[in-house]
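The lines below spell out each chain.
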Amino acid sequence: MSTETKTGDRDAMPPDFETTYRLSTESTKQWDLRKRFLEKYWHQYDEDRLLCLAQCYVNMRCLGCKYSKSLNSLVDELAKEIE
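Rules behind the numbers
- Residues numbered from 1 in each chain as written.
- Predicted model: local features only at pLDDT ≥ 70, side-chain atom pairs only at ≥ 80, totals over all residues.
- Heavy atoms only, no water.
- Axes fitted to C-alpha atoms, helices over the stretch in contact; angles between N-to-C directions.
- Helix = DSSP H or I, 4+ residues; strand = E, 2+ residues; numbered from the N terminus.
- Parallel < 35°, antiparallel > 145°, perpendicular 65-115°, else oblique.
- Left-handed = near helix turned anticlockwise from the far one by under 90°.
- Contact = heavy atoms within 4.5 Å.
- Nonpolar A, V, L, I, M, F, W, Y, C, P; charged D, E, K, R; others polar.
- Core = buried A, V, L, I, M, F, W, Y, C linked by side-chain atoms within 4.5 Å.
- Buried < 20%, exposed > 50% of the residue type's maximum accessible area, 1.4 Å probe, protein only.

- In the nomenclature of an unreviewed UniProt entry, the protein chain corresponds to XRN2-binding (XTBD) domain-containing protein from the organism Adineta steineri.

This is the structure:
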């Protein structure tokens, strides 16, 4: 799986952003964290990669999940910009 940033600009965030991306099982705290992550990096990663990274971020912060060293490092680095 590539960690490269996307090269082309994606359109602005959709007006139905919350209804499209919020999971029915997410608490308000989890959604707020994930939403902030998605908004910050919306134009830097393709949608699938960004959704995966955002979910890993929330899992790490809220549920204490651990991933590979490289993924943990990447998410921690990205998190510095929003925490």
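Following the structure, the description resumes.
## Describing the packing of helix H2 (residues 28-41) against helix H3 (residues 47-63)
Then, number 1: Two elements in contact, H2 and H3, have axes whose closest approach is 9 Å; the angle formed by their N-to-C orientations is 140°. In terms of axis orientation, H2 runs oblique to H3. In the crossing of H2 with H3, the sense of the turn from one axis to the other is right-handed. Within the contact between the two elements, H2 uses Lys29, Gln30, Leu33, Arg34, Arg36, Phe37, Leu38 and Tyr41 and H3 uses Leu50, Leu51, Leu53, Ala54, Gln55, Tyr57, Val58, Arg61, Cys62 and Leu63.
Then, number 2: Residues belonging to the contact of H2 with H3 are distributed by class as follows: twelve nonpolar, two polar and four charged.

## Structural notes on the nonpolar core
Then, number 1: The biggest cluster of nonpolar side chains holds 22 residues, and the ones touching the most others in it are Phe37, Leu53 and Tyr57.
Then, number 2: Only helix H1 (17-21), H2, H3 and helix H4 (69-79) provide two or more residues apiece to this core.
Then, number 3: For this core, the element with the most residues is H3, which contributes seven residues.
Then, number 4: Leave out the neighbours within four places in its chain, and Tyr57 touches Leu33, Arg36, Phe37, Val75, Ala79, Ile82 and Glu83.

## Description of the packing of H3 against H4
Then, number 1: Contact geometry for H3 and H4: axes closest at 10 Å, N-to-C directions at 90°. Taken together, the axes of H3 and H4 are roughly perpendicular relative to one another. Residue-level inspection shows Arg49, Leu53, Cys56, Tyr57, Met60 and Arg61 of H3 in contact with H4, the latter providing Leu71, Asn72, Leu74, Val75, Asp76, Leu78 and Ala79.
Then, number 2: Here the contact of H3 with H4 is composed, by residue class, of nine nonpolar, one polar and three charged.

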